[in-house]
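One letter stands for each residue in the lines below.
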Amino acid sequence: MVHFVGAGPGAPDLITVRGQRLLSQADVIIYAGSLVNPQLLDYAKEGCQIYNSATMTLEEVLDVIFKAEDAGYMTVRLHTGDPCLYGAIREQMDALDEKGIAYEDCPGVSSFCGAAAALNLEYTLPDISQSVIITRMAGRTPVPPKEEISLLAAHQATMVVFLSTGMLEKLTERLLAGGYREDTPAAIVYKATWEDEKTFVCTVGTLAETAARNHITKTALMIIGDVVSQSGYKRSELYHPAFSTEFREASK
Ligand code: SAH
């Protein structure tokens, strides 16, 4: 059996209880060493075989999994954040399906949630934005043209941009082309929930200079939208005394 496990955004106690249990039971752990906190490996049992996938190809990862299966071992494939975002899990699952190997996915706290926590931020402030667009710039690997940043920016929803820290001038250009203002609030969150976490609140127009001034070149998320200012919103109806819900009658 193979368990794909979300490691969470960084802090080792932000893995789920289930994820921690699976780590402590695993005979083999293959972890994404570029972003997974190595402290999580302390949960592994003695004698567990540990592999860092940062230096491995998909074929090499699969080879480790297939050998573990032959030996009757349980494997944890540990991905950063939640495996469902930029995790390249589908290609691994397809290969397991082909061999008839059973697997399960244990979710994790994605870094976009860790980044919101770092700023005490609500992405969905009433009257400001009720949607979150998770995306990335096209870089060495492409993004479908219909998801070009300026097209998504036209919605003026909250936007969280992954995998793009090295392309901030271009990101600003695409955001402006899509209709954001230069002074639209933005933030850069570096290594959310790690001990060396850093947060910077800036604007769409100052993303690149903020990153350059603070030597941020990777492991960061960019958050764009008026929610970053944390003001100008309407209070939620759900907790308003004049609003009835399934659980509470409005007071007269
Ligand atoms: N599955 C992961 C994302 C993997 S893609 C998740 O759910 O978070 C890798 C990108 O995620 C990085 O380039 C960076 O943009 C972002 N990232 C991962 N961990 C981060 C963290 N702790 N703080 C800020 N950004 C992070």
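Up top you'll find the structure we're talking about.
Since the model is a prediction, treat every value here as computed from it, not as a measurement.

(A) Highlighting the packing of aromatic side chains. Counted according to the given criterion, the structure contains three aromatic pairs. A centroid spacing of 6.1 Å and a plane angle of 25 degrees characterise the contact between Phe112 and Tyr123, whose relative ring orientation is stacked. With Phe112 in helix H4 (residues 111-118) and Tyr123 in the loop between H4 and strand S6 (132-136), this pair connects stretches of sequence that are 11 residues apart. Each member of the pair, Phe112 as well as Tyr123, is classed as buried. Directly above the ring of Phe66 sits Lys99, whose terminal nitrogen or CZ lies 4.6 Å from the centroid. A cation over a ring is seen here: Lys191 above Trp194, with NZ or CZ 4.2 Å from the ring centre.

(B) Representation of the packing of helix H2 (residues 58-70) against helix H3 (residues 90-99) within the structure. As a packed pair, H2 and H3 sit with axes 11 Å apart at the nearest point and diverge in direction by 40 degrees. Considered as vectors, H2 and H3 are oriented oblique to each other. Handedness of the crossing formed by H2 with H3: right-handed. Between H2 and H3, the residues in contact are Leu58, Val61, Leu62, Ile65 and Phe66 and Glu91, Gln92, Ala95, Leu96 and Lys99, respectively. Residues belonging to the contact of H2 with H3 are distributed by class as follows: seven nonpolar, one polar and two charged.

Rules of the game
- Residues numbered from 1 in each chain as written.
- Predicted model: local features only at pLDDT ≥ 70, side-chain atom pairs only at ≥ 80, totals over all residues.
- Heavy atoms only, no water.
- Phe/Tyr/Trp six-rings, centres within 6.5 Å; stacked < 30°, edge-to-face > 60°.
- Helix = DSSP H or I, 4+ residues; strand = E, 2+ residues; numbered from the N terminus.
- Buried < 20%, exposed > 50% of the residue type's maximum accessible area, 1.4 Å probe, protein only.
- Lys NZ or Arg CZ within 6 Å of the ring centre and 35° of its normal.
- Axes fitted to C-alpha atoms, helices over the stretch in contact; angles between N-to-C directions.
- Parallel < 35°, antiparallel > 145°, perpendicular 65-115°, else oblique.
- Left-handed = near helix turned anticlockwise from the far one by under 90°.
- Contact = heavy atoms within 4.5 Å.
- Nonpolar A, V, L, I, M, F, W, Y, C, P; charged D, E, K, R; others polar.

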